[in-house]
Protein chains: 2
Amino acid sequence: MRLSRYFLPTLKETPSEAEIVSHRLMLRAGMIRQHTSGIYSWLPLGLRVLRAIEQIVREEQDRAGAQEILMPTVQSAELWRESGRYDDYGKEMLRIVDRHERDMLYGPTHEEVVTDIFRKNIQSYRDLPKNLYQIHWKFRDEVRPRFGVMRGREFLMKDGYSFDLDPLAARRAYYRMFVAYLRTFHRLGLKAIPMAADTGPIGGSLSHEFIILAETGESAVFCHKDLLDKTPPQNVDYDGDLEPIFKEWTSLYAATDEKHGPDHGVPEGDLVSARGIEVGHIFNFGTKYSVPMGATVTTQDGSSVPVHMGSYGIGVSRLVGGIIEASHDDAGIIWPDSVAPFQVALVNLKAGDAQTDAACADLETRLAAAGLSVLIDDTDERPGAKFATQDLIGLPWQLIVGPKGLARGVVELKRRATGERHEVTVESALAHLTGTGA
Amino acid sequence: MRLSRYFLPTLKETPSEAEIVSHRLMLRAGMIRQHTSGIYSWLPLGLRVLRAIEQIVREEQDRAGAQEILMPTVQSAELWRESGRYDDYGKEMLRIVDRHERDMLYGPTHEEVVTDIFRKNIQSYRDLPKNLYQIHWKFRDEVRPRFGVMRGREFLMKDGYSFDLDPLAARRAYYRMFVAYLRTFHRLGLKAIPMAADTGPIGGSLSHEFIILAETGESAVFCHKDLLDKTPPQNVDYDGDLEPIFKEWTSLYAATDEKHGPDHGVPEGDLVSARGIEVGHIFNFGTKYSVPMGATVTTQDGSSVPVHMGSYGIGVSRLVGGIIEASHDDAGIIWPDSVAPFQVALVNLKAGDAQTDAACADLETRLAAAGLSVLIDDTDERPGAKFATQDLIGLPWQLIVGPKGLARGVVELKRRATGERHEVTVESALAHLTGTGA
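Residues numbered from 1 in each chain as written. Chains lettered and ligands numbered in written order. Predicted model: local features only at pLDDT ≥ 70, side-chain atom pairs only at ≥ 80, totals over all residues. Heavy atoms only, no water.

- Looking at an unreviewed UniProt entry, chain A carries the name Proline--tRNA ligase, with the source organism given as Pararhodospirillum oryzae.
- Check the Function (unreviewed entry) section of the UniProt entry for chain A; it says "Catalyzes the attachment of proline to tRNA(Pro) in a two-step reaction: proline is first activated by ATP to form Pro-AMP and then transferred to the acceptor end of tRNA(Pro)."
- Heading Subcellular location (unreviewed entry) of the UniProt record for chain A holds this comment: "Cytoplasm". (UniProt positions renumbered as here; feature names shortened; annotations may be inferred.)

### With respect to the packing of aromatic side chains
And step 1. According to the stated counting rule, one finds 27 aromatic pairs over all chains in the structure shown.
And step 2. Residues Trp 80 of chain A and Tyr 89 of chain A carry aromatic rings whose centres are separated by 5.5 Å and whose planes lie at 85 degrees to one another, so their mutual orientation is edge-to-face. Each member of the pair, Trp 80 of chain A together with Tyr 89 of chain A, is buried.
And step 3. Both rings, one in Tyr 6 of chain B and one in Phe 342 of chain B, keep their centres 5.6 Å apart while their planes meet at 75 degrees; by these two values the pair is edge-to-face. Residue Tyr 6 of chain B is located in the segment before helix H1 (21-28), and its partner Phe 342 of chain B is located in the loop between strand S18 (332-333) and strand S19 (344-348); the two are separated by 336 residues in the primary sequence. Side by side, Tyr 6 of chain B and Phe 342 of chain B carry an identical accessibility label, which is buried.
And step 4. Among the aromatic residues, ring-to-ring pairing joins Tyr 174, Tyr 175, Phe 178, Tyr 181, Phe 185, Phe 210, Phe 246 and Tyr 312 of chain A into one connected group.
And step 5. When the ring centre of Phe 387 of chain A is taken as origin, the NZ or CZ atom of Arg 421 of chain A, which lies over that ring, is 5.4 Å away.
And step 6. A cation over an aromatic ring shows up here: Arg 415 of chain B above the ring of Trp 397 of chain B, its NZ or CZ 4.6 Å from the ring centre. (Phe/Tyr/Trp six-rings, centres within 6.5 Å; stacked < 30°, edge-to-face > 60°. Buried < 20%, exposed > 50% of the residue type's maximum accessible area, 1.4 Å probe, protein only. Helix = DSSP H or I, 4+ residues; strand = E, 2+ residues; numbered from the N terminus. Lys NZ or Arg CZ within 6 Å of the ring centre and 35° of its normal.)

### What about the interface of chain A and chain B?
And step 1. Opposite the 57 residues of chain A that make contact, chain B presents 57 residues.
And step 2. Together chain A and chain B conceal approximately 4900 Å² of surface at their shared face, both sides included; 56% is due to carbon and sulfur atoms.
And step 3. The tally of links from chain A across to chain B stands at 4 salt bridges.
And step 4. The salt bridge involving Arg 5 of chain A is made with Asp 239 of chain B; its shortest N-O contact spans 3.3 Å. (Contact = heavy atoms within 4.5 Å. Buried area = accessible area lost by both parts, 1.4 Å probe. Salt bridge = Lys/Arg side-chain N within 4 Å of Asp/Glu carboxyl O.)

### Regarding the pattern of salt bridges
Residue and element names in this part refer to chain B.
And step 1. Here the structure, examined in full by the defined rule, presents 64 salt bridges over all chains.
And step 2. A salt bridge links Glu 60 to Arg 183, with the shortest nitrogen-to-oxygen separation between them at 2.7 Å. Here Glu 60 is found in helix H2 (residues 44-63), whereas its partner Arg 183 is found in helix H5 (residues 167-187), with 123 residues between them in sequence.
And step 3. Arg 183 sits in the buried class, given a relative accessible area of 9%.
And step 4. We note a salt bridge from Lys 120 to Asp 116, for which the minimum N-O separation is 3.1 Å.

### Describing the relation of the copies chain A and chain B
And step 1. Mapping chain A onto chain B leaves a residual RMSD of 0.0 Å; the transformation is a rotation of 180 degrees accompanied by 0.0 Å of translation along its axis. Classification of the inter-copy transformation places it as that of a two-fold axis. Residue Ile 96 of chain A of chain A places its C-alpha closer to the rotation axis than any other residue of that unit, at 2.9 Å.
And step 2. When you check the interface residues of chain A against chain B, 100% turn up at the interface there too, and the contact is symmetric in its surfaces. (Least-squares fit on C-alpha atoms with pLDDT ≥ 70 in both.)

### Some details on the environment of Trp 42 of chain B
And step 1. Mapped onto the fold, Trp 42 of chain B is located in strand S2 (residues 39-42).
And step 2. Accessibility expressed as a relative area gives 2% for Trp 42 of chain B, which makes it buried.
And step 3. Separated by 68 residues in sequence, Trp 42 of chain B and His 110 of chain B have C-alpha atoms that sit 24 Å apart.
And step 4. If we ignore the near neighbours within four places in the chain, the residues touching Trp 42 of chain B are Ile 69 and Leu 70 of chain A together with Met 26, Met 31, Ile 32, Leu 47, Leu 50, Trp 137, Val 149, Ser 317 and Val 320 of chain B.

### Details of the sheet that holds strand S23 (residues 421-425) of chain B
Residue and element names in this part refer to chain B.
And step 1. The mixed open sheet is built from 5 strands, whose spatial order is S20-S19-S21-S22-S23. Across the chains shown, the open sheet's two edge strands, defined by having one partner strand only, are strand S20 (374-377) and S23. Across the sheet, the mean angle from the axis of one strand to that of its neighbour is 25 degrees, orientation sign disregarded.
And step 2. In terms of strand pairing, strand S21 (residues 397-401) meets strand S22 (residues 410-415) through 4 bridges, oriented antiparallel. Bridging across to S22, Gln 398 finds its partner in Lys 414.
And step 3. Together, S19, S20 and S21 form the strand contacts of helix H9 (residues 354-369), whose direction differs from that of S19 by roughly 165 degrees.
And step 4. Strands in contact with helix H10 (residues 383-393) are S19, S20, S21, S22 and S23; relative to S19, the strand with the most contacts, it is inclined by about 175 degrees. (Pairing = 2+ DSSP bridges. Axes fitted to C-alpha atoms, helices over the stretch in contact; angles between N-to-C directions.)

### Points about the pairing of strand S7 (residues 130-139) of chain B
All names here are of chain B.
And step 1. For S7, a buried count of 10 out of 10 residues is recorded, marking the element as mostly surrounded by other parts of the structure.
And step 2. Bridging between strand S3 (residues 67-68) and S7 involves 2 bridges; their strand directions are parallel. Directly across from Glu 68, in S7, lies its bridge partner Tyr 133.

### Side note on unusual backbone geometry
And step 1. Look at the link from Leu 128 of chain A to Pro 129 of chain A: it is a cis peptide, with omega at -5 degrees.
And step 2. If you trace the backbone, Pro 129 of chain A turns up in the loop between helix H4 (111-121) and strand S7 (130-139).
And step 3. Of note in the backbone geometry, Glu 101 of chain B takes a positive phi value of approximately 65 degrees without being a glycine.
And step 4. By the element assignment, Glu 101 of chain B lies in the loop between strand S5 (94-97) and strand S6 (103-106).
And step 5. Phi at Phe 147 of chain B takes a positive value of approximately 65 degrees, unusual for a residue other than glycine.

Structure follows, in structure tokens:
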């Protein structure tokens with residue numbers, strides 16, 4: 001993509017309405033624009049990051065045996081009356097009346113809809129287990145939306161729902177998602193800590209929040225220092241016993257501010273106090289929805305039992321902000337490689353100069369052939385302005401090409417995360433970026 | 001994917017609520033389920049098709065220089081008051097009042113939102129042309145939703161918007177989308193005919209509908225027979241002059257029922273009467289929104305002019321039904337290769353038989369390694385039931401593996417579209433499917 005054509009309205013000034021760094025940087029980097037309070041449009045650069053995160057979430061869900069579906073955003077109120085949550089939900093639920101005066105709502109969550117799908121289509125224990133998820137837009141009418149996409153009203157979420165024959169199988173389904181979540185956040189370049197949580201309006205007995213650590217995080221969290229060094233397993237057999245992994249991660253102390261107390265039992269010096277952002281929440285709530293909604297299966301002996309369920313959420317649009325909170329500096333965003341909107345910024349220091357243009361065109365072709373996504377700065381801005389824009393939007397690599405360097409056979413390769421810059425030959429830069437050596 | 005685990009609730013009976021064949025087949029093939037009137041959930045098989053279509057639409061938009069963004073589904077009524085369309089739109093617009101008593105709506109289209117983005121972020125002729133598109137859910141509160149996803153209330157659409165300095169540049173933008181649409185529908189395996197259209201509530205002077213031909217189409221259409229043989233250009237230079245392609249396609253007679261009249265001027269014998277389904281609609285409407293909303297740019301000489309716009313829609317979820325209308329037989333759906341939910345059905349005729357299972361596992365591995373998506377029927381259904389299910393869901397290829405054939409070193413390869421079946425060796429089947437010969 002050529003920057004001269006790209007819709008990337010960056011801002012030099014810090015927008016006054018943004019209270020936190022991720023919101024400021026997303027506005028400045030031309031990733032989003034506010035439509036109205038708590039509702040945003042995603043511009044090309046922001047959407048690429050959103051899609052990259054979405055794809056990693058999807059791959060890890062699929063790997064764990066979940067199957068993707070897509071439920072409507074606009075739901076009938078009827079199902080919520082059946083589950084008993086219609087009146088409970090309060091003003092956060094965006095209520096709608098359609099032209100035929102039927103009560104509808106913009107789904108803040110989908111337990112009712114998915115339970116309805118289940119009960120109408122699955123009748124036998126032989127069809128279990130099932131885990132159905134979607135990645136879709138939801139609406140919660142927050143009183144005071146703020147922090148950009150971190151607490152918006154319309155937001156993108158991965159919500160999944162598991163269905164099992166009995167509590168033991170449901171617990172195994174819960175472990176699968178627990179491990180899939182560890183892997184997901186790790187791939188996103190985040191340090192995520194699972195913490196025992198209250199179940200709130202979703203209900204149930206077993207629940208964990210996944211909190212990512214960021215210096216500018218919204219809340220204080222506490223955990224045993226050994227949790228910071230843990231990484232999730234590289235290869236997981238999701239048909240095998242995952243309880244050991246679950247125990248390994250939950251046996252060490254971790255608690256949010258509300259739950260943290262003096263009886264934490266962690267030796268002095270081992271307790272870490274940090275700041276965090278909730279990006280995922282998983283629940284095992286048994287038969288809370290299947291009983292009132294009549295979602296049953298026949299067992300091997302012919303009897304009928306309510307199905308045991310869990311639900312599993314990841315705040316996909318929130319993660320865009322969360323990753324920035326965890327990875328930025330004074331100059332701008334520092335994208336982890338896995339979610340970067342482009343992998344390489346190819347900075348042409350003298351657009352219009354025939355030799356420099358040709359060198360950039362050649363580099364672009366060869367980088368693209370190696371499967372790398374490239375944003376070429378072919379504008380006529382001054383070098384200083386180009387560098388500032390690139391540091392702001394935070395692509396992992398900057399490949400800087402100018403006539404003086406070319407005369408000496410070199411280009412400059414800069415790693416955004418460390419700021420390290422090296423003058424290297426064109427071939428060496430290509431080899432480094434395409435992973436064929438350096 | 002193993003069918004024994006897949007959420008594919010096929011139906012033997014024809015659902016009584018479905019009036020048209022695509023609706024019946026989508027329900028029977030377990031692709032969708034109705035949530036409430038005109039609102040559907042997409043089950044795994046249906047979602048795979050929807051995503052495949054979406055991806056082809058996206059690739060052709062990107063190729064034509066359009067840039068993807070994502071605007072909110074819930075919009076503020078304010079902008080619609082500015083454009084003057086808030087009261088015009090009537091009951092088809094789903095109106096919402098939020099907790100702070102602000103008037104909102106679920107977007108039926110996005111001219112206002114995108115014009116607002118434009119006017120706040122683009123000020124100079126140097127930033128033109130721009131074409132911004134999204135693939136997103138919309139809502140139109142139809143009085144009588146019907147025909148499944150063909151006329152739903154919540155539906156997925158590609159809507160794009162072009163911005164140009166003057167009428168001539170806007171016309172070039174229109175041509176780019178005209179050609180991109182020809183290519184898109186061709187890649188989807190459809191015969192699509194552009195027809196001059198009224199502009200309706202969108203407004204403007206130049207407009208075409210894209211109608212795909214299907215025997216069971218919703219309306220009668222008429223065209224010169226030569227249009228049926230035309231295919232869009234394989235390689236398009238979108239920076240070049242596309243008027244010749246536009247003229248080539250629009251110089252031959254084509255009209256919908258409402259516009260068809262006796263003065264069509266087509267020689268007898270050259271006029272084809274067919275049935276069609278509208279799947280795309282493009283508009284050039286000049287300054288209809290930019291003037292009332294103040295979307296202006298400064299020109300090279302420093303003056304300020306309203307930007308010239310067009311909008312371009314493709315009914316993505318509607319296309320799922322449209323493709324089925326155009327491609328099915330009595331036994332079920334016949335997916336074009338480009339949008340098939342899986343490319344190959346690997347039918348294990350004797351699941352549980354060690355040798356057959358091993359042969360299937362080997363085939364699966366090798367097909368997957370070649371980049372093909374495979375649905376394995378590893379259930380213990382009878383062969384007849386398995387064949388019926390496969391013909392119903394309509395994957396392009398069926399690879400049928402049983403102990404008797406294996407004893408003779410052969411498997412059966414069936415092409416769904418033609419019904420042709422051949423006994424071939426395993427190696428020959430693999431070579432054929434992976435395109436390495438046969």
